[in-house]
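Analysis of the macromolecular model
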Amino acid sequence: MSIALESRKLTKQFGGLVAVSNVDLVVKEHAIASMIGPNGAGKTTFFNCVTGFYRPEGGDILFYDKSLVGLAPDAVTYRGISRTYQNIRLFSNMTALENIMVGEHSRMNTSWFEAILHTPRQRKEEEATVEEARRLLRFVGLSGFGDQLARNLPYGAQRRLEIARALASKPKLLLLDEPTAGMNPNETDEMMVFIRQLRDELGITIFMIEHDMRIIMGVSEQISVLDYGEKIAEGTPAQIQSNKRVIEAYLGRGAASGLSQPASGVA
């Protein structure tokens, strides 16, 4: 199986703070992979390096064997990587349909000059863009919401709309930053099913950050764990659940050592 994303000794610093330190990581093509870790572990910083928001001080990031370091965010998107955000970043005063059309911009070919003149080619491309936006609305379960302003949508629908906008650029790799944050249990269960659907029906690779362990263990095939910017573990859900360094990072050394000791006083 091909490697979609690879980081080699990736390092990002903010002054004297090392947010990501020498991280080696591989995400295989068509996998559902996850990154977990306590708050402040460097997870979103890692995503920001991948998508060109931050330039790392050291190491490299490869997407299908081509380096991403030094590329602007729009160039990274054009290469085939799209993302959502921990805090929803929709255009609140635009409709759901218009939000998705914005995501399609990187794949449009007509020039601004053609847009001013409303040339036949521009009109044809705009019609195709609207139709694709409607198709994506249907795919994410938001049929009938196209004319509603993004700010008026229910919270769970806003999350799905942000994913639809990310899909509009036709990514090969989709980065999801806490896709179930703020959702109720029913919405969370639906998102678990939807994440699998994204991979299985679209054939894309999914790499997500998530704090809800039920989501992580339920859909992930590979999990990488960061703590204080360093990768401390990597493996399948079963391997991560029993990893003492991971337990220590989340619960403290006492908890980790306690799990390895036989229970006492039990009849």
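Look up a bit, the structure's there.
Residues numbered from 1 in each chain as written. Predicted model: local features only at pLDDT ≥ 70, side-chain atom pairs only at ≥ 80, totals over all residues. Heavy atoms only, no water.

Turning to the sheet that holds strand β6 (residues 81-83), a few remarks are in order. Sheet architecture is open: six strands sit in the order β6-β7-β8-β3-β9-β10, paired in mixed fashion. Where the open sheet ends on each side, the last strands, each with one partner, are β6 and β10 (230-235). Each strand axis lies, on average, 20 degrees off the axis of its neighbour in the sheet, ignoring direction. Pairing between strand β9 (residues 222-227) and β10: five bridges, direction antiparallel. Bridge pairing in β10 places aspartate 227 opposite glutamate 230. Lying over the sheet, helix α6 (residues 155-167) contacts β6 and β7 (173-177), oriented at roughly 155 degrees with respect to β7. (Pairing = 2+ DSSP bridges. Helix = DSSP H or I, 4+ residues; strand = E, 2+ residues; numbered from the N terminus. Axes fitted to C-alpha atoms, helices over the stretch in contact; angles between N-to-C directions. Contact = heavy atoms within 4.5 Å.)

What follows concerns the layout of surface pockets. Empty space within the largest pocket amounts to approximately 460 Å³. In terms of lining, the largest pocket is formed by 19 residues, of which the most central are Thr77, Ser82, Tyr85, Gly103 and Arg165. Sorting the residues of the lining of the largest pocket by element identifies α2 (73-79), β6, α3 (96-103) and α6 as the ones contributing at least two each. Its residues assigned to classes, the lining of the largest pocket shows eight nonpolar, seven polar and four charged. Elements represented by at least two residues in the lining of the second largest pocket include exactly β2 (17-28) and α1 (43-50). A per-class count over the lining of the second largest pocket returns six nonpolar, eight polar and three charged. (1 Å grid on protein atoms, 1.4 Å probe; cavity = no way out; pocket = protein on both sides within 12 Å on 5 of 7 lines; lining within 4 Å. Points joined across faces, edges and corners; volume = space filled by probe spheres on them. Nonpolar A, V, L, I, M, F, W, Y, C, P; charged D, E, K, R; others polar.)

Let us look at empty space enclosed by the protein. To find leftover empty space, one rolls a probe the size of a water molecule over the atoms. Per the stated rule, a full pass over the model turns up one cavity of 30 Å³ or more. Estimated volume of the largest cavity: approximately 40 Å³. Around the largest cavity, the lining residues are Thr84, Arg159, Glu162, Ile163, Pro179 and Met191. Across the lining of the largest cavity, the residue classes break down as three nonpolar, one polar and two charged.

Right, let's get into the nonpolar core. With 42 residues, the main nonpolar core has Leu161 and Leu174 as its most contacted residues. The biggest single contributor to this core is α6, with six residues. If you look at the next biggest cluster of nonpolar residues, it comprises 23 residues, including Leu5, Val20, Phe63 and Phe207. (Core = buried A, V, L, I, M, F, W, Y, C linked by side-chain atoms within 4.5 Å. Buried < 20%, exposed > 50% of the residue type's maximum accessible area, 1.4 Å probe, protein only.)

Right, let's get into the side chain of arginine 165. Residue placement: arginine 165 occurs in helix α6. Arginine 165 gets classed as buried once you look at its relative accessible area, which sits at 13%. Arginine 165 has contacts with Arg89, Leu90, Phe91, Asn99, Ile100 and Gly103, leaving out every residue within four places of it along the chain.

Another point: helix α7 (residues 185-202). With 18 residues, α7 should cover 26 Å at 1.5 Å per step; its first-to-last C-alpha distance of 25 Å lies within 8% of that length. For α7, the elements touching its buried residues are β3 (32-36), α5 (120-139), α6, β7, β8 (205-209) and α8 (213-219). The N-cap of α7, judged by a side-chain oxygen 3.1 Å from the amide nitrogen of asparagine 186 a few residues on, is asparagine 184. The positive-phi residue at the C-terminal boundary of α7 is glycine 203, with phi of around 70 degrees. (Expected span 1.5 Å × (residues − 1). Polar contact = N/O pair within 3.5 Å; in protein donor to acceptor, adjacent residues only side chain to side chain.)

To continue, consider the pairing of strand β1 (residues 3-14). Within a regular strand, the side chains alternate between the two sheet faces. In this structure, β1 lies alongside β2, joined through eight bridges in antiparallel fashion. By the bridge assignment, leucine 5 is partnered in β2 with valine 27. A loop of two residues connects β1 with β2, the two strands running antiparallel in sequence, and glycine 15 in this loop sits at a positive phi of about 65 degrees. Direction of pairing for β1 relative to strand β4 (residues 58-63): antiparallel, over a ladder of five bridges. The residue bridging glutamate 6 from the neighbouring strand is leucine 62, located in β4.

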